Amino acid sequence: MAFNSRVIAALLAFCIAAVTTAFLSLFKEVTQNALVVTFLISFSSTYLLGFIVLEFLIFREINKVYGLFEKLRKRELSTINQNKSNPLSPLKKINEEIFSYAALKQKEIDELKKLEAFRREFIADVSHELKTPIFAAQGFVHTLLDGAVKDKSVRNKFLKKAAKSLDGLDMLVQDLLTLSQIETGDIKMHFENFDIKMLVEEVFDQFESKAEKKDITLEFGRNVPDEVFVYGDWQRISQVITNLISNSVKYTNEGGKVVVDFLLSKNQVTTTVKDNGDGIPPEDVNRIFQRFYRVDKSRSRERGGTGLGLAIVKHIMEGHNSKVEVKSTVGKGSEFSFKLPRGKKTVISEE
């Protein structure tokens, strides 16, 4: 027999009405009509009160609990919505605890699904990126083994191409290791005061030959002071500057310009790397810091790079409690900027 609030309320009301009527029947002064009226009044009032208490304070809350359990059993946690319980219900606390547990599990499941999707995508990207230099080097080596090694000019040409492919593979592995170590915290930041303008000058020297080949000018903005001291990890900020300037040189057309500027405020220094290159489409701006993401995959592969540079930049700046901001217009160029605390000039005392 299926019990609900109506059935239980009716049984309870009948029992109370019967007991009350039976008790009154012991008195001779009570008439038959009075007993009938007493039974009806007792039954109806008890039924009404019992039904309200059972239905609204107990059964509905129990049904909510069973509904949550049913969704947990069917793993339909995404459909769980928080229902407000009656403040007078004794099951309110239990219902809220079950909902909190279910919501927590739903959040964990969502995170696991994201991580699983990220893992699959990451493995696919790594496999694809590793395959290209490995297959290239493998093809050159097998060609040499098939007889081309006897021709000195062909041999040297193919060995250089194989070496270039292996250099690209080594660069990819090193970037993957760096990114992994930063994310896991194996690489600790060593903060110090240093001149970021001097650091940029050193990076300019590294890319001078590449810039000259494309007739690209590397320069500072107007009114840049002789020294710009910041507080951060010199080595990691050097990686950030190197990656940003490398991308600017790579994606700026011949005769272009790469400008590094500094905006000094009371407590911070904003470093800006600006170019007048290809620019980034609006739909790609928010994704350029993802691993292996390239705006133009075909041209990016021709220009080299591992596709991890901006991902490393993002994590390094997060380690400095900062972030990289991007402004870009297709056909006009891009502007990358980040902020660091102002540093103090270190004075070396002479003994």
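Up top is the structure.
Remember, predicted model here, so these are calculated numbers, not experimental data.

**Student:** Just checking my understanding: could you explain the overall build of the chain for this structure?
**Tutor:** Assigned secondary structure in the chain consists of 10 helices and seven strands. Counting over 351 residues, the chain shows a buried share of 35%. Long-range pairs, those at least 24 residues apart, make up 72% of the contacts in the chain between residues at least 6 apart in sequence. With the model as given, the accessible surface of the chain reaches about 22,800 Å², and the carbon-plus-sulfur share is 56%.

**Student:** I'm lost on the sheet that holds strand E2 (residues 217-220) in this one. Help?
**Tutor:** Strand pairing in a sheet relies on backbone hydrogen bonds. The paired strands run either parallel or antiparallel. The strand order across the open sheet formed by five strands is E2-E4-E5-E7-E6, and the pairing between neighbours is mixed. In the strand order of this sheet, the two ends are held by E2 and strand E6 (325-329), each with one partner. Sheet twist, expressed as the average angle between the axes of neighbouring strands with direction ignored, equals 15 degrees.

**Student:** Explanation requested: the pairing of strand E5 (residues 268-275) in the structure shown.
**Tutor:** In the case of a regular strand, side chains alternate between the two sheet surfaces. A large share of E5 lies buried, amounting to six of its eight residues. Relative to E5, strand E4 (residues 257-264) is paired through seven bridges, and the arrangement is antiparallel. The partner of Leu263 across the bridge, within E5, is Thr270. From the end of E4 to the start of E5, which pair antiparallel, there are three residues. Alignment of E5 against strand E7 (residues 333-341), held across seven bridges, turns out to be antiparallel. Along E7, the bridge assignment pairs Thr272 with Ser337.

**Student:** Help me understand the pairing of E4 in this model?
**Tutor:** Pairing geometry for E2 and E4, over four bridges, is parallel. Each bridged residue has a counterpart across the sheet, and for Glu219 the counterpart in E4 is Val259.

**Student:** It is not clear to me how a nonpolar patch on the surface should be interpreted in this structure. Could you clarify?
**Tutor:** Among the surface-exposed residues, Phe23, Leu26 and Phe27 lie close enough to one another that they form a single nonpolar patch of about 350 Å² accessible area. With respect to the helices and strands, Leu26 occurs in the loop between helix H1 (5-24) and helix H2 (32-74).

**Student:** Looking at this structure, I do not really get the packing of helix H5 (residues 196-206) against helix H7 (residues 234-251). What am I missing?
**Tutor:** Geometry of a packed helix pair, given as the angle between the helix axes and the separation of the axes. Running from N to C, H5 and H7 cross one another at 45 degrees; their axes reach a closest spacing of 10 Å. In terms of axis orientation, H5 runs oblique to H7. H5 and H7 meet at a crossing whose hand is right-handed. Touching Ile196, Leu199, Val200, Glu202, Val203, Phe204 and Gln206 of H5 are Trp234, Ile237, Ser238, Ile241, Thr242 and Ile245, all from H7. The residue makeup of the contact of H5 with H7, split by class, is nine nonpolar, three polar and one charged.

**Student:** Hey, could you run me through the packing of H7 against helix H10 (residues 309-319) in this one?
**Tutor:** Taken N-terminus to C-terminus, the directions of H7 and H10 make an angle of 145 degrees; their axes are 9 Å apart at the nearest point. When the axes of H7 and H10 are compared, the crossing they make is left-handed. Within the contact between the two elements, H7 uses Arg236, Ile237, Gln239, Val240, Asn243, Leu244 and Asn247 and H10 uses Gly309, Leu310, Ile312, Val313, Ile316 and Met317. Here the residues of the contact of H7 with H10 sort into eight nonpolar, four polar and one charged.

**Student:** Would you explain unusual backbone geometry in this entry?
**Tutor:** Leaving glycine aside, a negative phi is the common case for residues, and trans is the common case for peptide bonds. Of note, Asp215 is a non-glycine position whose phi angle comes to about 55 degrees, a positive value. The residue Asn321 is not glycine, and still its phi comes out positive at about 55 degrees. One can find Asn321 in the loop between H10 and E6. A residue is classified by how much of its surface remains accessible, and Asn321, at 76% relative accessible area, is exposed.

**Student:** What am I meant to see in the packing of aromatic side chains here?
**Tutor:** Tallying each qualifying case throughout the model produces eight aromatic pairs. Aromatic side chains Tyr47 and Phe51 sit 6.2 Å apart centroid to centroid with 15 degrees between the ring planes, which places their arrangement in the stacked category. With a gap of four residues between them, Tyr47 and Phe51 both fall in helix H2, about one helical turn apart. Relative accessible area serves as the criterion here: at 16%, Phe51 is assigned to the buried category. Ring centres 5.3 Å apart and planes at 55 degrees place the aromatic pair Phe204 and Phe220 in the tilted group. Taken together, the residues Phe204 in helix H5 and Phe220 in strand E2 connect sequence positions 16 residues apart. A residue is classified by how much of its surface remains accessible, and Phe204, at 9% relative accessible area, is buried.

Conventions and cut-offs
- Residues numbered from 1 in each chain as written.
- Predicted model: local features only at pLDDT ≥ 70, side-chain atom pairs only at ≥ 80, totals over all residues.
- Heavy atoms only, no water.
- Helix = DSSP H or I, 4+ residues; strand = E, 2+ residues; numbered from the N terminus.
- Buried < 20%, exposed > 50% of the residue type's maximum accessible area, 1.4 Å probe, protein only.
- Contact = heavy atoms within 4.5 Å.
- Areas by Shrake-Rupley, 256 points an atom, 1.4 Å probe, with all protein chains shown as cover.
- Pairing = 2+ DSSP bridges.
- Axes fitted to C-alpha atoms, helices over the stretch in contact; angles between N-to-C directions.
- Patch = residues over 30% accessible without salt bridge, like charges linked within 9 Å, V, L, I, M, F, W, Y side chains within 5 Å.
- Salt bridge = Lys/Arg side-chain N within 4 Å of Asp/Glu carboxyl O.
- Parallel < 35°, antiparallel > 145°, perpendicular 65-115°, else oblique.
- Left-handed = near helix turned anticlockwise from the far one by under 90°.
- Nonpolar A, V, L, I, M, F, W, Y, C, P; charged D, E, K, R; others polar.
- Phe/Tyr/Trp six-rings, centres within 6.5 Å; stacked < 30°, edge-to-face > 60°.

None of this, on its own, says anything about what the molecule does.
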